[in-house]
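A look at the structure
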Amino acid sequence: MAVSFQIDAAPMPLDPYRVEPEPKEVIDRAHSGKPVRDAYRTIRLFFDDMTTANFTTLMGYDDGGAHTLKIPHPVTGTYTNYAGAYFRLARAPVFEDITVSDVEFEASWIVA
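Residues numbered from 1 in each chain as written. Predicted model: local features only at pLDDT ≥ 70, side-chain atom pairs only at ≥ 80, totals over all residues. Heavy atoms only, no water.

Observations concerning the environment of Ala 66
Put simply, the rule reads: To qualify as a helix, a DSSP run of H or I must reach at least 4 residues; to qualify as a strand, a run of E must reach at least 2; elements of each kind are numbered from the N terminus. The contact rule is simple, with two residues in contact once any of their heavy atoms fall within 4.5 Å.
Within the element layout of this structure, Ala 66 appears in the loop between helix H1 (52–59) and strand S8 (67–72). Residues Ala 66 and Ser 108, 42 residues apart in the sequence, show an inter-C-alpha distance of 9.7 Å. Excluding anything up to four places from it in sequence, Ala 66 contacts Gly 84, Ala 85 and Tyr 86.

Pasting the structure below:
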């Protein structure tokens, strides 16, 4: 099965097994009292055990630069391109023997 997850149109070594979009933050209130939500959201991507080579590939995009990420849409689940997104390691993974496990990345500045 082909991998759908991409960064800058390059196929990544594996798809996330779990995708957790965070709710859009309420940043203000309109004069009527209606909440005004931020246009941007953060999506967390969780990966199964992977080789250190695959982890190194993903970490290469944790560079502080904006990227185009093709990840599941937070409502439909369909893989969608998001330009101008940032990709970073959300927390330190566990290194065991020749694998890296408990890997969590964060995609931010997603307009969805």
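Topic: the pairing of S8
Going by this rule: Should DSSP find at least two bridges between two strands, the strands are regarded as paired.
With two bridges joining them, strand S1 (residues 6–7) and S8 adopt antiparallel strand pairing. Residue pairing in the sheet places Ile 7 in a bridge with Leu 69 of S8. Across five bridges, S8 lies against strand S9 (residues 79–91) in antiparallel orientation. Across the sheet, the residue bridging to His 67 is Ala 85, located in S9.

Let's talk about the sheet that holds strand S10 (residues 94–96)
Taken together, the three strands give an open sheet; going across it, the order is S7-S11-S10, and neighbouring strands pair in antiparallel fashion. Looking at the sheet topology across the chains shown, the edges are occupied by strand S7 (50–51) and S10. Bridge count for S10 against strand S11 (residues 99–101) is three bridges, and the pairing is antiparallel. Bridging across to S11, Glu 96 finds its partner in Thr 99.

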